[in-house]
Amino acid sequence: MKVSTKGRYALRLMINIASRTDGKPVSIKDIAKTENISDKYLEQIIALLSSGGLVRSVRGPQGGYLLRKAPDKITVGMVLRLTEGSLSPVPCVEDSDSYCEREASCEAIDLWRRLNKAISDVIDTTTIADLCTNRPAAGDEYYI
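Residues numbered from 1 in each chain as written. Predicted model: local features only at pLDDT ≥ 70, side-chain atom pairs only at ≥ 80, totals over all residues. Heavy atoms only, no water.

A. How the structure looks around the overall build of the protein chain. When helices and strands are tallied, the protein chain shows six helices and two strands. Tracing the protein chain from N to C terminus, the helices and strands come up as α-α-α-β-β-α-α-α. Expressed along its principal axes, the backbone C-alpha trace of the protein chain runs to roughly 60 × 30 × 25 Å. For the protein chain, the residues scored as buried account for 33% of the 144 residues in total. For the protein chain, long-range pairs separated by at least 24 residues make up 65% of all intrachain contacts whose partners lie at least 6 apart in sequence. (Helix = DSSP H or I, 4+ residues; strand = E, 2+ residues; numbered from the N terminus. Buried < 20%, exposed > 50% of the residue type's maximum accessible area, 1.4 Å probe, protein only. Contact = heavy atoms within 4.5 Å.)

As structure tokens, then:
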């Protein structure tokens, strides 16, 4: 599993919004400036997150974006599946409907299932709130 720039930026965007303690909507321009990410690219990402039900827009001069759920109710898996699609290491373990004609004779199927479970266990139990507690102080550099 390799997470693309889109997935990493989506997590940074979600952490940025969740870290705001004033409860006011956050503009894309503000997030772009704070995170040093193109606002055009963030607009594409926020559209995915909005259609996936993770963020909502607030119109008006003080408008921007807010999380639809509390940060402890949004998992990393929710964000990454919206931006990345499947996170399975191989297609034959993507979901319960996946079928592989070699499954019965595949020496590595157990490995792929365990790896898929390990990935899911981590991303589906780590929340945006968890990541916010790891956020460095303003001015410190960090990378996701």
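B. View of the packing of helix 2 (residues 28–35) against helix 3 (residues 39–51). In contact at an axis separation of 9 Å, helix 2 and helix 3 are set at 120° when each is read in the N-to-C sense. By the angle between their axes, helix 2 is oblique relative to helix 3. Our pair here, helix 2 against helix 3, has a crossing hand that is right-handed. Facing I28, K29, I31 and A32 of helix 2, the residues of helix 3 in contact are D39, L42, E43 and I46. Looking at the contact of helix 2 with helix 3 residue by residue, the classes come out as five nonpolar, no polar and three charged. (Axes fitted to C-alpha atoms, helices over the stretch in contact; angles between N-to-C directions. Parallel < 35°, antiparallel > 145°, perpendicular 65-115°, else oblique. Left-handed = near helix turned anticlockwise from the far one by under 90°. Nonpolar A, V, L, I, M, F, W, Y, C, P; charged D, E, K, R; others polar.)

C. Broad picture of helix 3. Taking 1.5 Å per residue, 13 residues should reach 18 Å; helix 3 reaches 18 Å between its end C-alpha atoms and fits that length. Of all the positions in helix 3, only L42, I45, I46 and L49 are classed as buried. Down the axis of helix 3, the buried side of the element spans an arc of 105°, and every buried residue falls inside it. Among the exposed residues of helix 3, those pointing more than 90 degrees away from its buried face are K40 and S51. Structurally, helix 3 contributes buried residues whose contacts are with helix 1 (5–19), helix 2, strand 1 (55–58), strand 2 (64–67) and helix 4 (76–84). The N-cap of helix 3, judged by a side-chain oxygen 3.2 Å from the amide nitrogen of K40 a few residues on, is S38. G53 lies just past helix 3 and shows a positive phi near 80°. (Expected span 1.5 Å × (residues − 1). Arc of directions from axis to C-beta. Polar contact = N/O pair within 3.5 Å; in protein donor to acceptor, adjacent residues only side chain to side chain.)

D. Fine view of the packing of aromatic side chains. This model, assessed by the stated rule, comprises one aromatic pair. A ring pair is formed by Y9 and Y41, whose centres lie 5.6 Å apart and whose planes are at 70°; its orientation type is edge-to-face. Note that Y9 is positioned in helix 1 and Y41 in helix 3, a separation of 32 residues in sequence. Residue Y41 is classed as partly exposed on the basis of its relative accessible area of 24%. (Phe/Tyr/Trp six-rings, centres within 6.5 Å; stacked < 30°, edge-to-face > 60°.)

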